[in-house]
Each structure stands twice: as C-alpha cells, then as structure tokens.
Amino acid sequence: MVEARPPRSRKSVPLASPPPEETAESEASQTAALSERALRLARYYRGKVETVPKVPVRSLRDFSLWYTPGIAAVSEEIKRDPARAFDLTGRWNTIAVLTDGSRVLGLGNIGPQAALPVMEGKALLFKYLGGVDAVPLPVDVSTPEALIETALRIAPAFGGINLEDIASPNCFQVLEELQRQLPIPVWHDDQLGTAAATLAGLINALQLTGRTLASTRTVLLGAGAANLATARLLIRLGHDPHQLTLVDHNGVLHAEREDLDELQLRNRWKYRIALETDGGGRRGTLAEAMAGADVILAASTPVPGTVRPEWVRSMAPHPIVFALANPLPEIWPADARAAGAAVVATGRGDFPNQVNNSLIFPCVFRGVLDARARSIPDEIVIAAAEELARCTSTRGITEQHILPTMDEREVFPHVAAAVAESAVRLGIARVRATREEFYERARTLMARPAALTEALQRSGLVDPMPDEPVPPKNPR
Amino acid sequence: MKRTNPSGTESRPDSRAQRAPIHARPAQESDLPALIPLIVRLKRLNEEFDPMLKVRPDVEAQAESVLRAELKNPKSLVIAAEGTGPDKDKVIGVLRAAIRERPFYMPEAEGVILDIYLLPLYRRHGAGQYMVEHAIALLKERGAGIVTVEFPAQNEIAGRFYATLGFRPITSHHARIL
C-alpha cells in the first residue's frame, strides 16, 4: 500500500522509543537504491505499458476488417444499440486511471504531468494482477467540477474509471458525483481500496482475538480519504458508531469540536462522521482515545512514535494495531508487540500482515467488469473485503498471517467472483452468471497477462533488465 | 443544515445521536458562560464565509458585554436553547434578536433576528425552525409587524433556510474595506 500519506500540517512528534537504528538506516539506503534504479529503468524503457494488437494481422488487407471499410458496420450496430459497445469493442475490459495529480503518493500536489509515471505503474498493476486494460490518464484541471466534467466526457471509451491520487476532500465530491451520474463503475482507490484491505485484515484480526465487530471499540488515527471510508464501511458492517473514535491532528473528532462549522462547509464527509460517532464518547488526545480501545487503525503520519508503546499498553487486553503509514509505520511492529499488541499490521511488504490495496483493486475491477456492473456500492466493497478475509481464513490465519501476501494470488479470482456475484445480487449487473462461471472467467483473464509478459520476455520483445546479468538458462 | 418541521421532533433515519429535539427559553445571566462560546462560534463561522467579517481578537469579551447589555435591554431578545432528555439543562443554542424602529416605512416596528447558532448535533430535525418561530412569536408580542434577519451574503444555507420560512431579500448590505 502506498497511499497512506502525511496530513497537510505535519507535526513532528517526538519518538516514543528510537526506531531500531539499523532498520531506519537500512530502510533509507534501500529506498535510495530503489529510487536510483527506478529512474535508470525509466530512462531505459521509457514507459511501462504499450498498446499490443489482440487480433491477427496477416497482411495489410486485414485492416479492411479492423478498420475502414468493414468497421463501419460495427459502428452502425453500436449506433443502434450503444450497449453493444461492451460486446463489439474493448470497452468491457478497459478502464481509465484518472488523476488531477493533486495528491500523488507522499509527494503532494505535483500536477498531472509528474503524476504520469505513477499512473503508468498503476496501469501495469491493473493489467498484470487483474487482467484489466488500463489507460493512464492524468488531466490538467483546477477544480473538482472540471475533473468530474472530464470523466463524464471520456466515459464512452471505458468500462470503468479508477480515480487515483486526488486530494481530500475533493476526492469525495468527485467520487460521489461520478457514481451518481455514470452508468459504469467508478472507484477511488485511495479511499476504497485501502479501506477494503484494512477491513479484510481487521475481520481476521478480530476473529483471531475472539472479538465481534459489534462489541469492538476502535480508534482511527487520521481522518483523510482512507480512514473516512474505513469508518463508513465499519459502521455499515455493524460497528457501533459510538464505539468509533476518529483522531486527527486536532485530537478526537467529535460533534462539539471548534472546527466543526468549518468542516460542514469544507468537508461534509468528515463532518458527517463527526456527528455520527461524536468521538465515540471520547474527547481529547490520541492517548485518551486509545485507553481501553480494542483496535487502532492508524493511517496518518509516517513517523514511528506517532503511536507510542505506552498508549498501546493502555488498550484492552490483546489489542489490534494497524500502523499503515508508508514508508514508515506510526509504530514499529516490534515495539507494538512488545507493548502487548496481539496482531500488528503495516503497509509494508517486508513485515508480516501487509495491508495492501493491490489485494483489492484488481479483484474488484475484474469482478465489476465481468458482471458489467453499473456501479460499485459499499455492499460490493464489503463483499470484496469479506471474501479476501474468508479466503485467508480458510487457508489458516495466524497473528503473522491475517491477509494473503502478493505471492498468494490464487485468492484473487475468488474475490473477483464474490464481487461479480454481489453485483448480480444487488441487481446492478448487466451480465448474469453463476459464481463458478465468474470465477472461471476471472481466473482465465487474470492468468493471461503473466503468460503474455513471460512470452514477451522469453521472445526478447521485452528487453531483460539492462542492469542485471542475462539469465544463463536460455543459451543461444 | 436545518429542516422544516413545526414540532422540532421529527425523526429522520439518521443515527440516534442526531435525534435531538430542543427546547427554547429566555436566557438569563447564569447562561452567559454557555452562551458566549456559541456566539463566538457563530462569528467565526461568519468569518469562514467572508474575510470582511474577520473576528476581533477580543471577541469573547465583546460577546459577553453585548449579551450582558441585551439581557437588560427591553428592546433586545436573547433566547437560550436547551437539549431534552439527557441533554436537558444543557445550553446547546442561542438566538439574538432586537426590536428596531422603522422611521420611514410601515409597519413601524421591525423584529430583527441578529444571530442564531445551534451546536451541530442539534441541527436539522426542525430545530432551527423551532427557534426562529419561537423568536418571531416573542417579537410579535412586543409589537413587531415585520421580521427581518441578517446573515453573511455568502451563506447560501441560511438563505435557503429562511426562504423555506417565507423570508425574501428586502435590502442589500454592501461593503468595501478602507
């Protein structure tokens, strides 16, 4: 997960206990090495995805079928019935990765041009993990209204839209408005992908520690895109709103906080959650909120020490700690466990229990595209989270394994099928099939890109990494 | 922000925290500690709408002296709103109004609603309407033949709210910083 970002005003919090020196140091040098290599490879490959024909071209004569004059008949067919675009073109499997570049990774508002490499990377992930054709589309707009308008205008080319790296709270308005107006699924990964992955991990962590959601007291640190969506989904799943405490850099978010009028005007999503939870009956600081809590879900500042071990110690017995800031978690897992945490999750792949939205978005899009769903309501997001949790659970969960790793991708088609089935159940699917049929379709479509990439590499059409020795196994 | 409902007790399918009917009564001096922060919140909200409504640094002291004077002034009206149920006796809102003379127009006595503020949790469910109608009844008792209300021109929520109560713009108040 790369989406937990520092809040706008970043306060430096003194460290509770200094992070293990070698961890911080090796982390820094590792990040520097990765950055340098990424830059070198970007220079070499100049882009990460390209358009590849999916039809035979035996000679130029075939273009009279793929293009004019033959293609006019296809256009006429779609003119008669626009829904046929999903059968006669690639629309069924093509999405836009749309951004205004207003909040890219932890880099902030770097604009659409600088966002392009990130959108290309996301498009590659969509294809490789989900079998989804994704078009990187950073656009130059200065208001949420203009972004909405742009999305509405490009929609005829796409079967879905993935919104990416849009600043909060504009991202809520853009998502809500597009979900209302467009007949295709619209998703904002920074909200929904992160929230769904968090939810999936939490479901299993609760099961491991013998808790039910209805009797759980939860603190959410950070009130940005991801945590506001997580809070909404938790309540929807049955969490008592009055046992839910959101904390931001002004402390506990409650109904009588001084800045609430401003929030009503500028961020009605946060305002609504403030009224609905009213601080979960708490007031004051993070430390006060955490006392006696069962769960903390932190998606805030990437500074270890933001969550202190003594606060973890003040939680209920066997607490659950998700420290999801990237690249540095709010508390080091070892510190959290030493303070009594029963289950610890982070956003990083080098610790156990990575809460990673790459576990979610490929499956959700595979599912909604296969069912040709009209939208992605919260029920579908929850279905994806529950299925991901269930798949992990049937394989056996432990404190160190509440979510699949990226090496356990055989669960992906199951999640996609659950999504598609959920769309059918909700009556928003335009393709009806059984869960087994959806599963088979997803499995086939999700397996193809890896085979394709491998074939391209094997044939030499995709260059091997220029900075690695050529593998000896294929001597010419 | 505020819904129209005569009873002030309409139940909407929101969370239970939002089902918060209120009760209005004349404010007293003992309410001042609770009323002052509410007035200050309102003034800060007004500043959000327009930098020309920038709040003075001594706003708390000003709110106190204005409210103190108004509590003694027969031409002024200060109403305190209380919660009900567990929030009974908790002041959760305020309304300031005054009787003004109209030297050139009829009706001659005008009731002016100057400020109204309810804590966010107690909005909607007709609470705002209940407060305004309560104030109008008292202003009428004191001879007002017309009622007016002042709020920042940018506050469209207030504009819509008063429109539903039958108010329409009558004069415009324009400003320029010197």
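Because the structure is predicted, anything quoted here is derived from the model rather than measured.

Asks: Can you help me understand the overall build of chain A in this one?
Replies: Looking only at helices and strands, one finds 18 helices and 10 strands in chain A. The globule rule puts the C-alpha radius of gyration for 476 residues at 23 Å, and the 23 Å found for chain A is close to it. Its C-alpha atoms give chain A principal-axis dimensions of roughly 75 × 55 × 45 Å. In chain A, buried positions account for 46% of the 476 residues.

Asks: What is the right way to read the domain arrangement of chain A from this model?
Replies: Quoted interface sizes are often the accessible area lost when the parts come together. Residue and element names in this part refer to chain A. For chain A, the assigned domains are domain 1 (74–190) and domain 2 (210–341). Summarising the inter-unit geometry, the C-alpha centres of domain 1 and domain 2 are found 30 Å apart. In this assembly, five residues from domain 1 lie in contact with seven residues from domain 2. Along the lines of polarity and charge, the residues of the side of domain 1 that touches domain 2 split into three nonpolar, one polar and one charged.

Asks: Please clarify how the interface of chain B and chain A should be interpreted in this entry.
Replies: At the interface, nine residues of chain B touch 11 residues of chain A. Among the residues making up the side of chain B that touches chain A, the classes are represented as five nonpolar, two polar and two charged.

Asks: Sorry, what's going on with the pairing of strand β10 (residues 343–346) of chain A here?
Replies: The side chains of a regular strand alternate, residue by residue, between the two faces of the sheet. All names here are of chain A. The side-chain alternation of β10 yields two buried faces, one formed by V343 and A345 and the other by V344 and T346. Relative to β10, strand β9 (residues 320–323) runs parallel, the two sharing four bridges. The residue bridging F322 from the neighbouring strand is A345, located in β10. In this region the chain leaves β9, passes through helix α14 (residues 333–338) and returns to the parallel neighbour β10; the handedness of that crossover is right-handed.

Asks: Just checking my understanding: could you explain the sheet that holds strand β1 (residues 22–26) of chain B for this structure?
Replies: Two modes of strand pairing occur in sheets, parallel and antiparallel, and in both the strands are linked by backbone hydrogen bonds. All names here are of chain B. Taken together, the five strands give an open sheet; going across it, the order is β1-β2-β3-β4-β5, and neighbouring strands pair in mixed fashion. If you trace the sheet from one side to the other, it starts and ends with β1 and β5 (146–149), each paired once. The sheet shows a mean angle of 25° between the axes of neighbouring strands, taken without regard to direction. In the sheet, strand β2 (residues 76–83) pairs with strand β3 (residues 91–101) via seven bridges, with the strands oriented antiparallel. Pairing of V78 across the sheet is with R96, part of β3.

Asks: When you look at the packing of helix α8 (residues 189–208) of chain A against helix α9 (residues 225–237) of chain A in this model, what are you seeing that I'm missing?
Replies: Packed helix pairs are characterised by how far apart their axes lie and by the angle those axes make with each other. Residues and elements named next belong to chain A. The contact between α8 and α9 brings their axes to 8 Å, and the two run at 55°. The orientation of α8 with respect to α9, classified from their angle, is oblique. The way α8 lies across α9 gives a crossing that is right-handed. Together, D190, Q191, L192, T194, A195, T198 and L199 of α8 and A225, A226, A229, T230 and L233 of α9 make up the contact between the two elements. A breakdown of the residues in the contact of α8 with α9 according to their chemical character gives seven nonpolar, four polar and one charged.

Asks: Would you mind going over the confidence of the model for chain A with me for this structure?
Replies: Summarising the model, chain A shows a mean pLDDT of 92, and 93% of its residues fall at 70 or more. Considering only residues more than four positions removed or in separate chains, one finds that residues 1–22 of chain A, a stretch of pLDDT under 50, has 49 contacts.

Asks: Hey, could you run me through the environment of A433(A) in this one?
Replies: Residue and element names in this part refer to chain A. The topology assignment puts A433 in the loop between α17 (412–425) and α18 (435–458). The exposure class assigned to A433 is partly exposed, which follows from the 17 C-beta atoms found within 10 Å. Distance from A433 to T218, taken between C-alpha atoms, is 38 Å for residues 215 residues apart in sequence.

Asks: Any chance you could explain the confidence of the model for chain B here in plain terms?
Replies: Predicted coordinates in areas of low pLDDT are best not read in detail. All names here are of chain B. Scored by pLDDT, chain B comes out at a mean of 89, with 89% of its residues at no less than 70. By mean pLDDT, β1 is the weakest element of chain B at 92, and β5 is the strongest at 98. A low-confidence stretch, residues 1–20 (pLDDT under 50), is modelled with 51 contacts involving residues beyond four sequence positions or located in other chains. Here the prediction assigns the complex a pTM of 0.87, and the interface score ipTM is 0.80.

Asks: Is there a simple way to think about the packing of α9(A) against helix α16 (residues 378–394) of chain A in this case?
Replies: Residues and elements named next belong to chain A. Close contact between α9 and α16 brings their axes to 11 Å; oriented N to C, the two are set at 85°. On the basis of the axis angle, α9 is roughly perpendicular to α16. Contact residues: L233, R236 and L237 in α9; D378, V381 and I382 in α16. Residue classes in the contact of α9 with α16 are distributed as four nonpolar, no polar and two charged.

The rules behind the values
- Residues numbered from 1 in each chain as written.
- Chains lettered and ligands numbered in written order.
- Predicted model: local features only at pLDDT ≥ 70, side-chain atom pairs only at ≥ 80, totals over all residues.
- Helix = DSSP H or I, 4+ residues; strand = E, 2+ residues; numbered from the N terminus.
- Rg over C-alpha atoms; globule rule 2.2 N^0.38 Å.
- Buried ≥ 20, exposed ≤ 12 C-beta atoms within 10 Å, placed from the backbone.
- Domains from an automatic or database assignment.
- Contact = placed C-beta atoms within 7 Å.
- Nonpolar A, V, L, I, M, F, W, Y, C, P; charged D, E, K, R; others polar.
- Pairing = 2+ DSSP bridges.
- Right-handed = clockwise from strand over helix to strand, strands pointing away.
- Axes fitted to C-alpha atoms, helices over the stretch in contact; angles between N-to-C directions.
- Parallel < 35°, antiparallel > 145°, perpendicular 65-115°, else oblique.
- Left-handed = near helix turned anticlockwise from the far one by under 90°.
- pLDDT = per-residue confidence, 0-100.

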